[in-house]
Amino acid sequence: MPSIAVIGTQWGDEGKAKIVDLLAKNADAVVRTSGGNKAGHSVAINGMEYRFSSIPCGIIYPNVLGILGNGTAINPEELLQELDQLKAQGLSVDQVKISIRAHLVMPYHIILDGLMDEARENEDDGDPAGARRGIRPCYMDKLERIGIRVCDLLQPKVFAQKVRANVALKNRMITRVYGGVQQVDAEETIEKYLRYGEQLKPYIADTGYLLDQMLQEGKRVIFEGAQATMLDPDYGTYPYVTSSHPTIGGVAGGCGVGMNKITHTLGVMKAYTTRNGRGPFPTEIFGRGGYDLKDRGDEVEPNGSYRRIGWFDAVAARYAVRVNGLEGLALTKMNAMRDLKEVKICVAYKHGDEIIRVFPSCAEVLAECEPVYETLPGWGQLEGCNSYEELPREAKAYVDRIEELTGAPVMVLEMGMGRNKIVSWGPVNQWLQDKEASEC
């Protein structure tokens with residue numbers, strides 16, 4: 001019963017959607033296990049760009065289920081808009097399934113998200129993509145045990161009771177704690193959300209049970225978390241992190257099946273490093289060299305802002321391999337580093353007089369660290385390469401050194417734009433071949 005978890009290993013934006021798209025053609029289901037409606041990605045096919053906010057990109061293939069697991073945060077209004085947009089682009093959404101145990105983003109969550117940011121003097125938490133979308137307060141309510149879940153939409157009386165109780169509490173928080181003026185109307189919210197529930201009803205399922213049955217039948221499942229390891233509340237650069245768990249433990253907790261059902265783990269990382277928002281970033285490149293690499297890698301957010309960019313951080317990457325138990329790596333954006341005279345890899349940190357090779361737990365310590373670099377020769381263009389063997393000698397040496405430093409083999413390599421510029425070998429290639437062979 002083969003399944004594979006695709007994990008981001010840096011601070012997000014590693015190109016996980018490209019790797020999921022590569023694998024999804026031979027899958028039966030793709031499962032989003034964490035994150036809210038701004039933890040998404042886009043996939044470009046034949047000149048058409050499909051943007052996914054909550055729904056897994058695997059539904060591009062008509063026979064693949066797209067499952068939103070119990071670890072996700074569902075904004076029903078925006079989810080319905082996303083379904084309509086994908087239908088308008090010609091995709092079938094009949095195979096979308098929403099966990100009955102997923103939590104709902106409510107109107108008061110969105111109001112409180114903005115007020116909380118203002119109270120913190122607009123200091124974002126390292127995950128600006130989710131800012132003011134209500135995702136953080138939604139997960140707070142989940143842990144507070146006052147959250148409202150998808151299953152509640154199917155029980156109007158229960159739903160109404162929970163909304164009225166929460167609205168009374170949240171309106172007091174909005175006005176008395178944060179000094180806000182905008183309040184939530186409980187009855188209006190109940191009417192609107194129950195209407196959303198009727199529209200979403202065909203998609204709602206006990207997805208954990210569904211996945212367990214699929215895996216017992218030998219179906220092939222991809223698990224994808226949102227964001228990445230360095231944004232995990234336990235393992236990331238806390239407090240500059242997200243509100244759900246993008247690491248392997250979050251995958252198991254957010255899908256409804258046991259860890260033993262996840263048979264492969266693949267970490268996705270760029271050939272360099274990027275991050276959004278505040279927080280320590282030891283290998284960050286400033287000045288013209290940084291802007292040049294940002295342009296080469298098209299490191300621009302939808303709002304037009306650039307991502308922060310740095311050299312490959314092997315200390316952080318080795319840590320991500322360890323905490324996720326990664327079997328292999330998918331290395332993306334190699335071609336963005338083309339034609340550089342030399343490239344750098346951070347092999348350790350210097351903190352005062354101490355050399356650190358283990359990723360620090362304290363963000364304040366990490367902020368004081370200086371990168372210890374190893375310099376390698378650069379390489380030319382990769383667009384003409386269609387396999388690892390065809391890479392320039394210098395590019396091969398770079399990939400080999402990443403394997404040595406992280407302790408995990410590279411199994412997938414993106415060498416340029418387009419689906420045909422992603423090559424794979426080892427267990428990943430076996431995944432791509434097995435289903436084809438079984439269907440012959």
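Scroll up to find the structure this text is about.
So, how was this worked out
Residues numbered from 1 in each chain as written. Predicted model: local features only at pLDDT ≥ 70, side-chain atom pairs only at ≥ 80, totals over all residues. Heavy atoms only, no water. 1 Å grid on protein atoms, 1.4 Å probe; cavity = no way out; pocket = protein on both sides within 12 Å on 5 of 7 lines; lining within 4 Å. Points joined across faces, edges and corners; volume = space filled by probe spheres on them. Helix = DSSP H or I, 4+ residues; strand = E, 2+ residues; numbered from the N terminus. Buried < 20%, exposed > 50% of the residue type's maximum accessible area, 1.4 Å probe, protein only. Pairing = 2+ DSSP bridges. Salt bridge = Lys/Arg side-chain N within 4 Å of Asp/Glu carboxyl O. Contact = heavy atoms within 4.5 Å. Core = buried A, V, L, I, M, F, W, Y, C linked by side-chain atoms within 4.5 Å. Expected span 1.5 Å × (residues − 1). Axes fitted to C-alpha atoms, helices over the stretch in contact; angles between N-to-C directions. Phe/Tyr/Trp six-rings, centres within 6.5 Å; stacked < 30°, edge-to-face > 60°. Lys NZ or Arg CZ within 6 Å of the ring centre and 35° of its normal.

Student: Give a description of the layout of surface pockets that names residues and reports values.
Tutor: A volume near 520 Å³ is recorded for the second largest pocket. At the level of elements, α4 (135-144) and α9 (248-253) are the ones that each hand at least two residues to the lining of the second largest pocket. Looking at the lining of the second largest pocket element by element, the count peaks at 5 residues for α4.

Student: Describe in detail the pairing of strand β1 (residues 3-8), supporting the description with residues and values.
Tutor: Most of β1 is tucked away, with 6 of its 6 residues classed as buried. Residue alternation in β1 divides its side chains into two sets, S3, A5 and I7 and I4, V6 and G8, and both sets are buried. Taken together, the 4 bridges between β1 and strand β10 (residues 221-224) define a ladder with parallel strand orientation. From the neighbouring strand, S3 faces β10, where its bridge partner is V221. Pairing of β1 with strand β11 (residues 264-270), which is carried by 5 bridges, proceeds in the parallel orientation. Opposite G8, over in β11, you have V268 as the bridge partner.

Student: Just give me the short version of the pattern of salt bridges, but keep the residues and values in it.
Tutor: Going through the model one piece at a time under the given rule, you end up with 23 salt bridges. Here R136 ties to D117 by a salt bridge, and the two come within 2.9 Å at their closest N and O atoms. Placement of the pair is R136 in helix α4 and D117 in helix α3 (residues 107-119), with a sequence separation of 19 residues. The exposure class of R136 is buried, given its relative accessible area of 13%.

Student: Break down the environment of A24 for me, citing the residues and quoting the values.
Tutor: Mapped onto the secondary structure, A24 falls in helix α1 (residues 16-24). The class of A24 is buried, set by a relative accessible area of 0%. Taking the C-alpha atoms as reference, A24 lies 21 Å from N324; in sequence the two are 300 residues apart. Apart from the residues within four sequence positions on either side, A24 is in contact with V30, G58, Y61, V64 and I222.

Student: Requested: an account of empty space enclosed by the protein, with residues and values cited.
Tutor: Using the criterion set out here, one finds 2 cavities of 30 Å³ or more in the structure. Of the volumes computed, that of the second largest cavity is approximately 50 Å³. Together, I4, H264, T265, L266, E327, M411, P427, V428 and W431 line the second largest cavity. Elements with a minimum of two residues in the lining of the second largest cavity: β11 and α14 (426-438).

Student: Go over the nonpolar core with me, naming the residues and quoting the values.
Tutor: Among the nonpolar cores identified, the biggest contains 64 residues, and L23, F52, I55, L83, F159, I222 and V412 are the most heavily contacted of them. No other element matches the 6 residues that α1 contributes to this core. If near-sequence neighbours (up to four positions away) are discounted, I55 is found in contact with L68, L79, E82, L83, L86 and V96. Residues L215, F312, Y388 and A395 belong to the second largest nonpolar core, which totals 54 residues.

Student: Tell me what's going on with α3, and back it up with residues and numbers.
Tutor: Between its first and last C-alpha atoms α3 spans 19 Å; for 13 residues at 1.5 Å apiece the expected length is 18 Å, and the two agree. Along α3, 10 of the 13 residues are buried, which leaves the element largely enclosed by surrounding structure.

Student: Lay out the sheet that holds strand β9 (residues 204-205) with the relevant residues and their values.
Tutor: Backbone-to-backbone hydrogen bonds pair the strands of a sheet. The strands run either parallel or antiparallel. Spatially, 10 strands are ordered β9-β7-β5-β2-β10-β1-β11-β15-β19-β20 in an open sheet, and the strand pairing comes out mixed. Strands at the two margins of the open sheet, each flanked by one partner only, are β9 and β20 (422-424). Pairing of strand β19 (residues 410-414) with β20 involves 3 bridges; the strand directions are antiparallel. Counted as the bridge partner of L413 is V423 from β20. Across the face of the sheet, helix α13 (residues 393-406) comes into contact with β15 (328-332) and β19 while running at roughly 140 degrees to β15.

Student: I'd love a proper account of the packing of aromatic side chains, names of residues and values included.
Tutor: The full count for this structure, using the stated rule, is 7 aromatic pairs. Of the aromatic side chains, those joined through ring pairs into one cluster are F159, Y193 and Y196. The side chain of K294 reaches across the aromatic face of Y291, ending 4.6 Å from its centre. Taking the ring centre of Y388 as reference, the NZ or CZ of K396 above it sits at 5.7 Å.

All we've got here are geometric facts, nothing functional implied.
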